[in-house]
Amino acid sequence: MTSFGTIGGGGERGRGEGGFFPDEVVLHILARLPIKSLFRFRSVCKLWYRLPSDGYFVNLYSQVWSKNPMLLIEAAEISESKSSLISVDYLMGVSEFSLDFLKDRVKIRASCNGLLCCSSIPDMGVYYVCNPMTREYKLLPKSRERPITRFYPDGEATLVGIGCNPGSQKFSVVLAGLHRPFGHRPKNTFISKVYDSETNRWRKFETLLDEYFSQMNRNQVVFVNGSLHWLTVNSSFLLVLDLVNDSWRKMGLPDGIGCGVDCRICLLESDGCVSVIQISNAWMSIWVLKCYEKEEWGMVDRVSLGCIRGMMPGIFPISQTGEYVFLATYKQVLVYHRSIRVWKEVYAVKNGFTLPLWFSAHAFRCSLLSCR
């Protein structure tokens with residue numbers, strides 16, 4: 001790690017008795033700043049200027065901000081042709097920004113550790129990976145897929161996922177879906193294309209699968225333990241893609257979890273673990289996969305929804321940590337504070353018309369991870 005010196009009166013290094021802080025204290029203070037403030041303070045000295053690209057500090061920043069869940073909402077008014085992004089942060093409040101630096105109209109397809117994978121709306125098959133906080137981005141190379149084969153049913157990948165580990169400084173993007181040869185009915189062949197940022201290349205493999213996914217399940221993809229996880233349409237199990245071995249497998253859900261007309265199950269990440277939340281009969285039950293290798297689940301909370309009963313038909317959990325759960329309704333975002341068992345509205349659509357917030361909301365967290 002770079003030595004960052006000390007801070008105090010009289011320039012870059014503190015002078016005088018008690019006029020400085022240890023390096024590690026300074027780093028922990030700076031790691032708690034919002035990214036916009038951190039970049040503004042880069043002009044203080046050369047050492048601070050290099051902070052956002054220092055591997056040790058990038059990892060420290062990710063660790064600190066992993067405890068602060070956020071939502072990103074794609075909010076597009078009918079009267080406007082462009083869309084804006086709304087950041088809902090329990091600690092910092094609500095702010096608005098855009099992905100205009102991509103110079104393309106895009107849709108967010110997946111989020112992981114501060115990086116977004118976006119697909120171009122006008123140009124099918126064009127994908128970007130970006131960090132919306134640092135405004136860095138990478139246009140992914142097109143895979144060498146012949147036009148006579150395509151994804152079913154509309155040519156676009158059914159599943160899109162991104163996996164990145166703050167410690168490794170690299171990422172993978174996955175496009176997967178049922179295979180349809182040109183002019184033929186779709187086969188039960190699942191095509192998976194994996195982009196590796198280290199090699200800047202795509203690799204492809206095929207698997208016999210016949211699974212389907214709801215739009216909501218497609219949006220909720222979780223990266224844990226080097227694998228991407230999706231919930232199938234009937235919520236009977238998780239479909240897991242191991243990015244190390246390029247293999248798909250099924251993972252069971254907690255015993256006793258059910259599905260029905262008045263029950264919905266959502267897949268989320270919680271403090272680095274796979275988690276599922278079931279909303280049923282005015283209760284919210286939260287499970288966490290406590291032992292990944294043995295697939296051992298444990299219920300960590302059961303919350304009465306009596307005080308928000310009127311919102312029950314259209315409320316979906318989107319993001320969580322061990323302390324907070326973010327839920328979205330048609331036009332509101334709520335936070336449940338688990339330790340004190342308090343509900344709070346943190347955002348509501350006031351004007352215009354939008355898609356349901358639960359349809360356009362994505363779990364997110366701040367990071368300095370580079371996608372270049």
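Residues numbered from 1 in each chain as written. Predicted model: local features only at pLDDT ≥ 70, side-chain atom pairs only at ≥ 80, totals over all residues. Heavy atoms only, no water.

Enquirer: Before we move on, could you go through the overall build of the chain and cite the residues and values that matter?
Expert: In terms of regular secondary structure, the chain is built from six helices and 25 strands. Taken over 372 residues, the chain has a buried fraction of 52%. A separation threshold of at least 6 residues defines the contact pool for the chain, and within that pool the share at least 24 residues apart is 49%. Summed over all atoms, the accessible surface of the chain reaches about 18,200 Å², with 52% contributed by carbon and sulfur. (Helix = DSSP H or I, 4+ residues; strand = E, 2+ residues; numbered from the N terminus. Buried < 20%, exposed > 50% of the residue type's maximum accessible area, 1.4 Å probe, protein only. Contact = heavy atoms within 4.5 Å. Areas by Shrake-Rupley, 256 points an atom, 1.4 Å probe, with all protein chains shown as cover.)

Enquirer: Tell me about unusual backbone geometry, and please be specific about residues and values.
Expert: The phi angle at N200 is positive, at roughly 60°, despite the residue not being glycine. As for its position among the elements, N200 is in the loop between β11 (189–196) and β12 (201–208). Here the phi dihedral of R341 falls at roughly 55°; this positive angle occurs in a residue that is not glycine. Position of R341 among the secondary structure elements: in the loop between β23 (332–337) and β24 (342–348). The exposure class assigned to R341 is partly exposed, which follows from its relative accessible area of 47%.

Enquirer: Before we move on, could you go through the sheet that holds strand β1 (residues 70–75) and cite the residues and values that matter?
Expert: Overall, antiparallel pairing links the four strands, which are arranged β3-β2-β1-β25 in an open sheet. Sheet topology places β3 (93–97) and β25 (361–364) at the edges, where each strand pairs with a single neighbour. Direction aside, neighbouring strands of the sheet carry axes that sit 25° apart on average. When strand β2 (residues 84–89) meets β3, the two strands line up antiparallel, connected through five bridges. (Pairing = 2+ DSSP bridges. Axes fitted to C-alpha atoms, helices over the stretch in contact; angles between N-to-C directions.)

Enquirer: So what about the side chain of H362? Which residues, and what values?
Expert: Structurally, H362 is set in strand β25. Polar contacts involving the side chain of H362 include one to the side chain of E74, which spans 3.0 Å. Discounting residues that sit within four places of it in the chain, H362 has contacts with M70, L71, L72, E74, I108 and I318. (Polar contact = N/O pair within 3.5 Å; in protein donor to acceptor, adjacent residues only side chain to side chain.)

Enquirer: Report on the nonpolar core, specifying residues and quantitative values.
Expert: With 68 residues, the main nonpolar core has F57, Y61, L99, I162, F171, V173 and W248 as its most contacted residues. With sequence-adjacent residues up to four places away left out, Y61 is seen in contact with L30, A31, L33, P34, I35, L38, C366, S367 and L368. If you look at the next biggest cluster of nonpolar residues, it comprises 32 residues, including I86, L268, L327 and V333. (Core = buried A, V, L, I, M, F, W, Y, C linked by side-chain atoms within 4.5 Å.)

Enquirer: Could you give an account of a nonpolar patch on the surface, naming the residues involved and the relevant values?
Expert: A cluster of nonpolar side chains, contributed by F21, V25 and I29, occupies part of the molecular surface with about 270 Å² of accessible area. Tracing the sequence through the fold places V25 in helix α1 (residues 23–30). (Patch = residues over 30% accessible without salt bridge, like charges linked within 9 Å, V, L, I, M, F, W, Y side chains within 5 Å. Salt bridge = Lys/Arg side-chain N within 4 Å of Asp/Glu carboxyl O.)

Enquirer: Explain the packing of α1 against helix α4 (residues 55–65) to me, and be specific about the residues and the numbers.
Expert: For the pair α1 and α4, interaxial distance at closest approach is 9 Å and the crossing angle is 55°. One finds that α1 runs oblique with respect to α4. Crossing of α1 over α4 shows right-handed handedness. Of α4, the residues touching α1 (which contributes E24, L27, H28 and L30) are Y56, F57, L60 and Y61. (Parallel < 35°, antiparallel > 145°, perpendicular 65-115°, else oblique. Left-handed = near helix turned anticlockwise from the far one by under 90°.)

Enquirer: For the sheet that holds strand β14 (residues 227–231), give the residues involved together with the corresponding values.
Expert: With respect to topology, four strands assemble into an open sheet ordered β13-β14-β15-β16, the strand pairing being antiparallel. Both outer strands of the open sheet, β13 (222–224) and β16 (247–252), are each paired with one neighbouring strand and no more. On average, each strand axis in the sheet is inclined to that of its neighbour by 30°, with strand direction left out of account. In terms of strand pairing, β13 meets β14 through three bridges, oriented antiparallel. Residue pairing across strands places V222 opposite H229, the latter belonging to β14.

Enquirer: How would you sum up the environment of V349? Please name residues and give values.
Expert: Topologically, V349 is positioned in the loop between β24 and α6 (357–360). Sequence separation of V349 and V333 is 16 residues, and the distance between their C-alpha atoms is 9.1 Å.

Enquirer: Give a description of the pattern of salt bridges that names residues and reports values.
Expert: This structure, assessed with the given rule, holds seven salt bridges. Between R365 and E269 there is a salt bridge, with the nearest N and O atoms lying 3.0 Å from each other. Taken together, the residues span a long stretch of sequence, with R365 in the segment after β25 and E269 in strand β17 (residues 263–270) at a distance of 96 residues. The buried category is assigned to R365, whose relative accessible area is 17%. Taken together, the shared-partner salt bridges in this structure form one network comprising D301, R338 and R341.

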